[in-house]
Amino acid sequence: MTHQYPPLNYFYSHFHDSIKAELASLVKWVQQLSGDGVANESQLLELRERYKFLEQVYKYHSSVEDEEMLFEQLAQLISTAVDQQGAKRDATVRGLMCKVEEIHTTLKKHLAKEEEQLLPLLLKHFSFAEQAGLVAQFLYCIPLAAVGRVLAWLKPRVPQVEQEQLLQHIQAVLPDQLLLQLLTSWLQPISDEAGAQQVASGSSQFGLVGAGGDVMRHAPIQELQHIHRTICSALEEFAREARQLQQRQDVMYPAVRRLLVAHPAQLVPESGWEAAHAACMACEREHACEVSALEDLGRLLADVRALARRGRKEVAALLGQLSSSAEQVRGNVAEHMAREEVELFPLLARHLCASQQRAMLWHTLHAMPLRLLERLMPWVTAGLSHEEAEELMNNIRLGAPEGDQALVQLLSCWAERGRVQGPQ
């Protein structure tokens with residue numbers, strides 16, 4: 001009888017091993033840079049990219065503020081070194097070595113603690129079917145644009161038999177056939193021989209697809225206004241509930257924050273029409289500020305709840321602060337999005353063909369995880385007419401690469417829920 005491997009091995013044992021191997025590789029690389037005394041700009045930029053990927057992977061697995069701060073400090077040191085020359089750069093690189101070793105030690109301790117304390121409990125108290133469900137939930141939380149790269153990085157370390165068994169367990173617990181089709185395509189096993197040779201690839205790049213010259217009611221880039229209206233509506237509800245001291249705001253906050261993270265600026269050409277590019281970069285900076293403000297709002301909300309549970313008198317003052325902060329964030333986001341629609345969208349519509357605009361729309365959706373998209377699609381279409389919803393889905397369909405049609409079908413299914421249920 002074939003030995004049965006717990007599904008959680010995939011994202012605990014092997015995932016942890018991959019993180020630790022990447023940490024060890026990066027430490028060795030930085031040691032070489034520091035020892036040589038010569039670090040050129042391309043090496044530093046590659047180091048930053050690898051640590052950025054590792055930080056994102058680690059965040060999918062665990063979100064601890066102290067560890068996130070370490071990554072932020074490392075990024076600042078690398079940026080400083082890139083801007084320096086000669087002896088100053090060498091000194092900063094030596095400082096990098098200390099920070100890299102600190103990250104290495106901190107993360108290894110955290111992972112070891114999970115392996116010693118948490119994993120045995122999960123294996124003991126969760127059936128294989130329940131574990132497979134947890135693995136699926138993990139995948140739902142990774143932005144779609146990153147799923148391919150994360151799995152390509154992880155699979156070579158997972159024996160083929162374990163990959164096959166995990167896929168069988170997931171196929172047994174997922175009733176949604178469209179979702180199952182998508183996860184099956186992601187988790188297709190690779191052979192042990194191929195895994196030994198495979199080098200992790202970069203995240204998917206989307207070409208400019210879709211037919212040009214077709215008759216449209218409006219420029220495809222205008223579809224992003226539907227997402228804008230959804231965000232603004234959610235923030236208005238959040239601010240109203242904060243004022244009314246209701247307890248539903250926890251539903252709205254994380255979804256709005258994740259929506260604001262997705263932004264199409266990366267697909268904007270960097271030359272040829274500088275005004276549109278400059279406008280996109282300005283919008284991206286504003287998005288970053290708004291995401292930071294929402295994170296502050298989330299921490300304030302957590303403080304209010306903690307004090308309320310303990311019956312502390314300070315909660316009244318914090319509730320007032322929460323209400324005013326929510327109103328300020330709502331106003332800032334609404335103002336920014338209105339300006340984006342008036343200043344940026346017309347530039348994009350004028351300088352990009354229909355297929356490029358659809359690619360930007362797809363890129364924006366692809367920056368979100370499945371968990372968020374399952375809520376976003378019915379949320380958006382609930383406020384659209386039948387014709388508007390049809391045009392939105394048509395532009396999404398035409399903007400998606402041919403290999404992503406299973407995902408398009410899933411998004412269409414979720415969008416249909418909003419049209420059936422109507423505005424929430």
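Criteria and cut-off values
Residues numbered from 1 in each chain as written. Predicted model: local features only at pLDDT ≥ 70, side-chain atom pairs only at ≥ 80, totals over all residues. Heavy atoms only, no water. Helix = DSSP H or I, 4+ residues; strand = E, 2+ residues; numbered from the N terminus. Areas by Shrake-Rupley, 256 points an atom, 1.4 Å probe, with all protein chains shown as cover. Axes fitted to C-alpha atoms, helices over the stretch in contact; angles between N-to-C directions. Parallel < 35°, antiparallel > 145°, perpendicular 65-115°, else oblique. Left-handed = near helix turned anticlockwise from the far one by under 90°. Contact = heavy atoms within 4.5 Å. Nonpolar A, V, L, I, M, F, W, Y, C, P; charged D, E, K, R; others polar. Buried < 20%, exposed > 50% of the residue type's maximum accessible area, 1.4 Å probe, protein only. Polar contact = N/O pair within 3.5 Å; in protein donor to acceptor, adjacent residues only side chain to side chain. Phe/Tyr/Trp six-rings, centres within 6.5 Å; stacked < 30°, edge-to-face > 60°. Lys NZ or Arg CZ within 6 Å of the ring centre and 35° of its normal. Core = buried A, V, L, I, M, F, W, Y, C linked by side-chain atoms within 4.5 Å.

Across its full length, the protein holds 17 helices and 0 strands. With the model as given, the accessible surface of the protein reaches about 20600 Å², and the carbon-plus-sulfur share is 51%.

What follows is about the packing of helix α2 (residues 41–61) against helix α4 (residues 86–125). Look at α2 against α4: their axes get within 13 Å of each other, and the N-to-C directions meet at 20°. For the element pair α2 / α4, the angle class is roughly parallel. The handedness of the crossing between α2 and α4 is left-handed. Contacts between α2 and α4 involve E41, L44, L47, Y51, Y58 and H61 on the former and, on the latter, R89, V93, L96, V100, L107, H110, L111 and E114. When grouped by side-chain class, the residues that make up the contact of α2 with α4 number 9 nonpolar, 2 polar and 3 charged.

Before going further, it helps to spend a moment on helix α8 (residues 177–186). With respect to burial, α8 is a largely interior element, 7 of its 10 residues being buried. Three or more residues of α8 are buried, namely L178, L179, L180, L182, L183, T184 and W186. Measuring from the backbone nitrogen of L178 back to the side-chain oxygen at the start of α8 gives 3.0 Å, which picks out D176 as the cap.

What follows deals with helix α6 (residues 144–154). Since the α-helix turns once every 3.6 residues, residues separated by three or four places project in the same direction. With 8 of its 11 residues buried, α6 lies for the most part within the structure. Turning to α6, its buried residues are L144, A146, V147, V150, L151, A152, W153 and L154.

Glancing now at the packing of aromatic side chains. Taken as a whole, this structure holds 4 aromatic pairs when the rule is applied. Look at F15 and W153: their rings are 6.0 Å apart centre to centre, the planes differ by 85°, and that puts the pair in the edge-to-face class. In this pair, F15 sits in helix α1 (residues 8–36) while W153 sits in helix α6, placing the two residues 138 residues apart along the sequence. Relative to W153, the ring of F53 lies with its centre 5.6 Å away and its plane at 90°, an arrangement referred to as edge-to-face. With a gap of 100 residues between them, F53 in helix α2 and W153 in helix α6 connect regions that are remote in the sequence. By the burial criterion, F53 is buried, and W153 matches it. Aromatic rings pair up to connect F15, F53, F138 and W153 into one cluster. Positioned above the aromatic ring of F53 is the side chain of R149, whose terminal nitrogen or guanidinium carbon lies 4.0 Å from the ring centre. R375 extends its terminal NZ or CZ atom over the ring of W379, reaching a point 4.9 Å from the ring centre.

For the rest of this paragraph, the subject is the nonpolar core. In this structure, L183, L370 and L411 are the most contacted members of the largest nonpolar core, which totals 113 residues. Examining the composition of this core, we find that 12 residues originate from one element, α1, more than from any other. With residues near it in sequence (within four places) discarded, L411 still touches W362, L365, L373, M377, M393 and I396.

Relative to the assigned elements, T184 resides in helix α8. A relative accessible area of 16% places T184 in the buried class. Within the structure, T184 has its side chain in polar contact with the backbone oxygen of L180 (distance 2.7 Å). Setting aside residues up to four positions removed in sequence, T184 forms contacts with L167 and Q171.

Keep in mind that these numbers describe shape and distance, not what the molecule does.
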